[in-house]
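# Structural features, examined
Each chain, letter by letter, is given below.
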Amino acid sequence: MNKAFRRIQVTALACSLLLLWTLSAKSQTGNSYQIFVSNEKSGDLTVIDGSTFKVIDTFHVGKRPRGIHASPDGKTIYVALSGTPIEPPPKLDADGNPIFLKGHDDDDDDNVKSDKSADGIGIIDVAKKKMLRKIPAGSDPEQFCVSADGKRLYISNEDVGAATVLDPLTDKIVTFIPVTRE
């Protein structure tokens with residue numbers, strides 16, 4: 001595996017872990033809190049006790065769980081799910097543009113097909129440590145943020161160079177915004 005790609009994966013995991021630790025610590029009373037970590041390759045979330053740093057649970061949520069955030073009240077965890085196969089980023093030319101091989105089909109790497117039905121934002125009940133449902137959130141959601149009031153999710157749709165704004169209370173897409181590649 002490409003060293004730069006591996007560094008990006010490790011950095012993303014560390015940032016997610018730190019962010020969730022902070023959010024969980026703020027949303028819980030007392031010294032007890034939980035850390036939720038997305039496991040992209042195994043399709044599950046691991047729950048760690050914030051006091052002992054011991055794994056207390058792991059449960060399946062769907063394909064390629066990546067970006068992960070807590071709701072403002074700490075009762076819900078949102079996780080980006082993607083049916084697009086894992087692959088390293090493309091090589092870049094001198095101007096920073098991706099270089100794609102002629103005849104390369106993004107959906108057919110090593111005979112692994114994209115499963116767009118797996119794309120969405122998973123809704124997790126923190127108390128039950130259970131996946132409740134998946135909300136459609138555009139193609140290949142990767143990272144996102146939760147508004148301060150919890151009424152909007154702002155999602156980056158990696159493979160189509162767009163952003164989706166989602167209302168997690170109604171499960172409806174508010175708007176879709178073309179931006180730029182990745």
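Residues numbered from 1 in each chain as written. Predicted model: local features only at pLDDT ≥ 70, side-chain atom pairs only at ≥ 80, totals over all residues. Heavy atoms only, no water.

### Focus on unusual backbone geometry
What counts, and what does not: Put simply, DSSP marks the helices as runs of H or I at least four residues long and the strands as runs of E at least two long, and each gets a number from the N terminus on. For each residue, the accessible area found with a 1.4 Å probe, counting protein chains only, is set against the maximum for its type, and the residue is called buried under 20%, exposed over 50%, and partly exposed in between.
A positive phi angle, near 60 degrees, is found at Phe53, a position not held by glycine. Mapped onto the fold, Phe53 is located in the loop between strand 2 (44–49) and strand 3 (55–60). With a relative accessible area of 47%, Phe53 lands in the partly exposed category. Of note in this structure, Asp171 is not a glycine but carries a positive phi near 65 degrees. Tracing the backbone through its elements, the reader meets Asp171 in the loop between strand 10 (162–167) and strand 11 (172–178). The partly exposed category is assigned to Asp171, whose relative accessible area is 30%.

### Here we look at the pattern of salt bridges
Definition in use: Definition used for salt bridges: Asp or Glu carboxyl oxygen within 4 Å of a side-chain nitrogen of Lys or Arg.
Scanning all chains against the criterion turns up eight salt bridges. The partner of Glu40 in a salt bridge is Arg64, and the shortest N-O contact between them spans 2.5 Å. With a gap of 24 residues between them, Glu40 in the loop between strand 1 (34–39) and strand 2 and Arg64 in the loop between strand 3 and strand 4 (68–70) connect regions that are remote in the sequence. The salt bridge involving Asp159 is made with Lys116; its shortest N-O contact spans 2.6 Å.

### Topic: the sheet that holds strand 7 (residues 130–135)
What counts is decided by this rule: The pairing criterion for strands is at least two bridges between them, as found by DSSP. Axes here mean lines fitted to C-alpha atoms, for a helix over just the part in contact, with angles spanning 0 to 180 degrees between N-to-C directions.
Spatially, the four strands line up as an open sheet ordered 4-5-6-7, and their pairing is antiparallel. The open sheet has two edge strands with one neighbour each: strand 4 and strand 7. Taken pair by pair, the neighbouring strands of this sheet meet at an average axis angle of 25 degrees, ignoring direction. Looking at chain direction, strand 4 and strand 5 (residues 76–81) are connected through three bridges and run antiparallel. Paired with His69 across the two strands is Tyr78, which belongs to strand 5.

### Regarding the sheet that holds strand 3
The antiparallel open sheet is built from three strands, whose spatial order is 1-2-3. One side of each edge strand has no neighbouring strand; the edge strands of this open sheet are strand 1 and strand 3. Mean inter-strand twist for the sheet, computed between neighbouring axes without regard to direction, equals 20 degrees. With six bridges connecting them, strand 1 and strand 2 associate as antiparallel partners. Each bridged residue has a counterpart across the sheet, and for Phe36 the counterpart in strand 2 is Val47.

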